[in-house]
Amino acid sequence: MNIKVIAFDADDTLWVNEPFFQETEKKFYQLMEDYLPPHSIAKELFKIEIENLVLYGYGIKAYILSMIEAALHISENTISVEAISRIIEFGKEMLDKPIELLDGVEDTLKALHGRYKLVVATKGDLKDQHKKLHESGLGHYFHHIEVLSDKQKIDYQKMLKRLEVEPSEFFMIGNSLKSDVLPVLEIGGHACHIPFHTTWAHEQIDHTIEHPNFREVESISQILSLLS
């Protein structure tokens, strides 16, 4: 691989993220337990989240807006003001969560820094992702952060144009096969999947990937052996 730019997904690749969403969703089930069983609440919330992606994009703020909409729908607009306030508090609690770096992240970035142009390429809320990067203490390893509205082929093509790099010189690393791997392979780039123990249903795929530019490792530290 003739790699010049390495991009890292942020959430659940550099630091913990999805478990906080699952933790909050359980609180939502408890809040709405008088209306529906947990599995029905989960189904309704997920449906509304997906419908709202085009309007709100990704991230905690979008999630909480969808949760409020789900509460109104499930309760047929009878949910109390106190319950809506509690949902808003769920969001603030999530935004205030301390950053938990995943094992091997900083050592890996330290080893790659100066050898490649490193960038963060992530979805989510712009302000929140910049805040996370700052609080992580990892910012100085990266050339810059790209907060993308989505991770489709066109989004990566636009990003590579801004980075002035060819797809064959680009290596994307992340925990989502759907967002971090497939679209990058489709444009001729290289991609590596680092599985995380839990993944949002929207980011899951139901088939295996066989491609000469595809790699999979168990931990981020194993990236170094791929590039040596």
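Residues numbered from 1 in each chain as written. Predicted model: local features only at pLDDT ≥ 70, side-chain atom pairs only at ≥ 80, totals over all residues. Heavy atoms only, no water.

Observations concerning the packing of helix H2 (residues 38-56) against helix H3 (residues 60-74)
Note the cut-off: Axis definition: a line fitted to C-alpha atoms, over the contacting stretch in the case of helices. Angles run 0 to 180 degrees between N-to-C directions. The way it works is that DSSP assigns letters per residue, a run of H or I at least four long becomes a helix, a run of E at least two long becomes a strand, and they are numbered from the N terminus. An angle below 35 degrees is treated as roughly parallel, one above 145 as roughly antiparallel, one from 65 to 115 as roughly perpendicular, and anything else as oblique. Helix crossings fall into two classes, left-handed where the near helix is turned counterclockwise from the far one by less than a right angle and right-handed where it is turned clockwise. Contacts: residue pairs with any heavy atoms within 4.5 Å of one another.
Contact pair H2 / H3: the axes reach a minimum separation of 9 Å and the direction vectors enclose 130 degrees. When the axes of H2 and H3 are compared, the pair comes out oblique. Relative to H3, the crossing made by H2 is right-handed. For the pair formed by H2 and H3, the contact residues are Ile41, Glu44, Leu45, Ile48, Glu49, Asn52 and Tyr56 on the first element and Ala62, Tyr63, Leu65, Ser66, Met67, Glu69, Ala70, His73 and Ile74 on the second.

Digging into the pattern of salt bridges
Going by this rule: What counts as a salt bridge is simple: a side-chain nitrogen of Lys or Arg found within 4 Å of a carboxyl oxygen of Asp or Glu. The rule is simple: take the accessible area with a 1.4 Å probe, protein chains only, and divide by the maximum for that residue type; under 20% is buried, over 50% is exposed, in between is partly exposed.
For the coordinates displayed, the defined rule picks out twelve salt bridges. Glu169 serves as the salt-bridge partner of Lys4, at 3.1 Å between the closest nitrogen and oxygen. Residue Lys4 is located in the segment before strand E1 (5-8), and its partner Glu169 is located in the loop between helix H7 (153-163) and strand E4 (170-174); the two are separated by 165 residues in the primary sequence. Looking at Lys4, the relative accessible area reads 45%, which means it is partly exposed.

Some thoughts on the packing of H3 against helix H4 (residues 81-95)
In a pair of packed helices, the angle between the axes and the distance between the axes together describe the arrangement. It is at 10 Å that the axes of H3 and H4 come closest, and there the two elements cross at 160 degrees. The orientation of H3 with respect to H4, classified from their angle, is roughly antiparallel. The handedness of the crossing between H3 and H4 comes out as right-handed. Facing H3, whose interface residues are Ile60, Tyr63, Ile64, Met67, Ile68 and Ala71, H4 presents Ile84, Ile87, Ile88, Phe90, Gly91, Met94 and Leu95.

Section: the packing of aromatic side chains
Applicable threshold: Paired rings are identified among Phe, Tyr and Trp, the last through its six-membered ring, by centres lying within 6.5 Å, and are further divided according to the angle between planes into stacked (under 30 degrees), edge-to-face (over 60) and tilted (the rest). Working rule: Lys NZ or Arg CZ, within 6 Å of ring centre, within 35 degrees of ring normal, means a charge sits over the ring.
Considering all chains together, one arrives at three aromatic pairs under this definition. Between the aromatic rings of Phe8 and Phe142, the centroid separation amounts to 6.1 Å while the plane-to-plane angle is 75 degrees, which identifies the pairing as edge-to-face. With Phe8 in strand E1 and Phe142 in the loop between helix H6 (126-136) and strand E3 (144-148), this residue pair connects regions lying 134 residues apart in the sequence. For the pair shown, Phe8 and Phe142 are each scored as buried. Positioned over the ring face of Tyr58 is Lys123, at 4.0 Å from the centre of the ring.

Brief notes about the nonpolar core
Nonpolar side chains in soluble globular proteins tend to end up buried together. Applied cut-off: Here, nonpolar core refers to any group of buried Ala, Val, Leu, Ile, Met, Phe, Trp, Tyr and Cys residues whose side-chain atoms link them within 4.5 Å.
Counting 25 residues, the largest nonpolar core has Ile6, Phe8, Phe142 and Ile223 as the members making the most contacts within it. Listing elements by their share of this core, those giving two or more residues are E1, helix H5 (105-112), strand E2 (117-123), E4 and helix H9 (223-227). When residues in this core are grouped by element, the largest group, three residues, is from H5. Beyond its immediate stretch of four places on either side in the chain, Ile6 contacts Leu112, Tyr116, Lys117, Leu118, Val119, Phe171, Ile173 and Leu227. With 22 residues, the next largest nonpolar core counts Ile64, Met67, Ala70 and Met94 among its residues.

Description of the sheet that holds E2
Here is the rule: A pair of strands is treated as paired once DSSP finds two or more bridges between them.
Read from one edge of the open sheet, six strands run E3-E2-E1-E4-E5-E6, paired in parallel fashion. Edge positions in the open sheet fall to E3 and strand E6 (214-216), since each of these has one partner strand only. Pairwise comparison of adjacent strand axes, ignoring direction, gives a mean angle of 20 degrees for this sheet. In the sheet, strand E5 (residues 190-193) pairs with E6 via three bridges, with the strands oriented parallel. Bridging across to E6, His193 finds its partner in Glu216. Seen against the sheet, H6 touches E2 and E3 and runs at an angle of roughly 150 degrees to E3.

Looking at the pairing of E1
On E1, burial covers both faces: Val5 and Ala7 on one face and Ile6 and Phe8 on the other are all buried. Where E1 and E2 come together, four bridges link them in parallel fashion. What sits directly across from Ile6, in E2, is Leu118.

Some thoughts on a nonpolar patch on the surface
Condition: Like charges are joined within 9 Å and nonpolar side chains (Val, Leu, Ile, Met, Phe, Trp, Tyr) within 5 Å, but only among residues with over 30% relative accessible area and no salt bridge; these make up the patches. Methods summary: accessible areas were calculated by the Shrake-Rupley approach with a probe of 1.4 Å, and residue burial reflects only the protein chains presented.
On the surface, Val54, Leu55, Tyr56 and Leu65 cluster together to form a nonpolar patch covering roughly 440 Å² of accessible area. Of the residues forming the nonpolar patch, the biggest block, three residues, is contributed by H2. Taking relative accessible area as the criterion, Val54 reaches 73% and is therefore assigned exposed.

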